[in-house]
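# Fold and contact review
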Amino acid sequence: MKRRIINAKVLCNEQPEDLEVLFDENGIIEVSPLIEDDDCEIIDGAGCVVLPGLIDVHVHLREPGFEHKETIATGSMAAAHGGFTTIFAMPNLNPYPDCAETMKEYLELIARDENVNVYPYGTITKGEKGEEVSAMQEMEELGICWFSDDGVGVASDEVMRAAQQEVRRLGCLMACHTEDMNYRRPGACVHESAYARENGWDGIPSECESAQLERDLKLAEETGLRYHACHISAITSLNALAAAKEKGLDVSAEVTAHHLLLEDRDVKGPNWKMNPPLRSHEDRMALIEALENGTLDFIASDHAPHTYEDKNKPMSSAAFGIISLETSFPLLYTEFVHKQKRWTLSQLVNWMSTKPAQRFGLKHKGRIEAGCDSDLILVRLGEERVIDRNTFFSKGRNTPFDGWSVNAEVAETIVSGRTVWRKEQ
């Protein structure tokens, strides 16, 4: 069935314009100031701006294996509530999707329960143990083009070299959580700093991230694969990425909303504990500048739901991670577009939709134009509201942003032409 959005501003170029959008389940049919077609359902977008659906390449849905924390259904509905129409699900699950057999079962679960487009990663190594390369070709034949061992780094140079060679042979992309455990003591939980020592917390140095990233990039220069670095947090990592890009390596990197908004001295307890940790003010400022100058390519959430019991522990033993699908866009819009006026809405959408679509090979997503997928969101901008974690669709409540005031709200989320979430008036 055809549907038509009227009375809204539409972001197709640098600024929202007075346009209408005609679409159906197959894609966007027309974008123009006035569409002459009355044989369609009308969506009155008065007071809203229409954006391409947001894309998040780093989400933990927890199912199968950890359904008490999140499920495909709850996590993908949280995505819809936050304006994300496409998400990539990390593979640290039980069983791990590391071969055709487990991946087929996983794909069946996704097809049954997804509320938005969900693309799964396959693992880099079997069981994410870092010892043997997973059955990548089997998974690639099922349409899986992205591989990650997120949650752990691959310690062995030989295993990582073999994995990169296989990813390169298959023409796929590798997304890496880099963490050299030689730099991290048991119980370490925050950025290594004077603030950590003041609070009696063991710290995690920046080299824990950057040392293995440097190793990966050196191997990537040798193997020539498409490499993506997850949740970059430190200046030392930015230096390595900048050098790799200067050499012309096929490398990209993401940064999370929380690493752009918070720093080590903001940490008050386990809901501020994530991996990599919130780092120094200098690191945070460098991340913002690196996103602006292209050293970092786009924004991802690293949505990581946990139970109350997982978080209600001493800092040294509480689980790493926060939920962020339902807060990332409003927080970033409020801070950098509405308040600071440092970014334009177009820049933010580019980093949260267009560029991840381009890097991850989603040719018909991340733009509003005829022929693109009909994945759209209607947002209200400017009105103040307060983040309330009790209104989230995610099973998780582990956020440091509860009670924050924001000036953006998703009013409706449309996936493949169908409304999957709409705010009640």
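I will try to describe carefully the structure that is included in this document. (Residues numbered from 1 in each chain as written. Predicted model: local features only at pLDDT ≥ 70, side-chain atom pairs only at ≥ 80, totals over all residues. Heavy atoms only, no water.)

## Overview of the pattern of salt bridges
Going through the model one piece at a time under the given rule, you end up with 27 salt bridges. As a salt-bridge pair, E20 and R4 come within 2.9 Å of each other at their nearest N and O atoms. Remark: R4 occurs in strand β1 (residues 3-6) and E20 occurs in strand β4 (residues 20-24); sequence separation between them is 16 residues. The buried category is assigned to E20, whose relative accessible area is 8%. By relative accessible area, which is 9% here, R4 ends up buried. Between R342 and E292 there is a salt bridge whose closest N-O contact spans 2.5 Å. With R342 in the loop between α11 (328-339) and α12 (345-359) and E292 in helix α9 (residues 281-293), this residue pair connects regions lying 50 residues apart in the sequence. (Salt bridge = Lys/Arg side-chain N within 4 Å of Asp/Glu carboxyl O. Helix = DSSP H or I, 4+ residues; strand = E, 2+ residues; numbered from the N terminus. Buried < 20%, exposed > 50% of the residue type's maximum accessible area, 1.4 Å probe, protein only.)

## As for α12
When the terminal C-alpha atoms of α12 are compared, their 20 Å separation across 15 residues agrees well with the 21 Å that a helix rising 1.5 Å per residue should span. Within α12, the axis deviates most sharply at W351, by approximately 45°. Burial analysis of α12 places eleven of its 15 residues in the buried class, the great majority of the element. One or two residues past the end of α12 sits G361, with phi positive at roughly 75°. (Expected span 1.5 Å × (residues − 1). Bend = angle between axes of the 7 residues up to and from the residue.)

## Here we look at the pairing of strand β12 (residues 173-176)
Burial of β12 is two-sided: the residues L173 and A175 facing one way and the residues M174 and C176 facing the other way are all buried. As judged from the two bridges shared by strand β11 (residues 146-147) and β12, these two strands associate in the parallel manner. Bridge pairing in β12 places F147 opposite M174. Remark: the β11/helix α4 (residues 157-170)/β12 crossover connection has right-handed handedness. Inspection of the sheet shows β12 paired to strand β15 (residues 226-229) by four bridges, in the parallel sense. Looking across to β15, one finds that L173 is bridged to R226. (Pairing = 2+ DSSP bridges. Right-handed = clockwise from strand over helix to strand, strands pointing away.)

## Brief notes about the sheet that holds β12
Whenever strands of a sheet pair, they do so through backbone hydrogen bonds, lying parallel or antiparallel. Taken in spatial order, the five strands of this open sheet run β11-β12-β15-β16-β17, and their pairing is parallel. A single partner strand is all that each edge strand has here, and the edge strands are β11 and β17 (298-300). One ladder, built from three bridges, connects β15 with strand β16 (residues 251-256); its direction is parallel. Residue Y227 lies in a different strand from β16, and its bridge partner there is V251.

## Comments concerning the layout of surface pockets
By volume, the largest pocket amounts to about 400 Å³. Lining of the largest pocket is provided by 21 residues; of these, R62, N92, G151, H306 and F320 occupy positions nearest its centre. Looking at the lining of the largest pocket residue by residue, the class counts come to eight nonpolar, eight polar and five charged. Surrounding the second largest pocket, 15 residues form its lining, H81, R385, T391, E409 and W421 being those nearest its centre. For the lining of the second largest pocket, the secondary-structure elements that each account for two or more residues are β18 (376-386) and β19 (405-415). The residue makeup of the lining of the second largest pocket, split by class, is seven nonpolar, three polar and five charged. (1 Å grid on protein atoms, 1.4 Å probe; cavity = no way out; pocket = protein on both sides within 12 Å on 5 of 7 lines; lining within 4 Å. Points joined across faces, edges and corners; volume = space filled by probe spheres on them. Nonpolar A, V, L, I, M, F, W, Y, C, P; charged D, E, K, R; others polar.)

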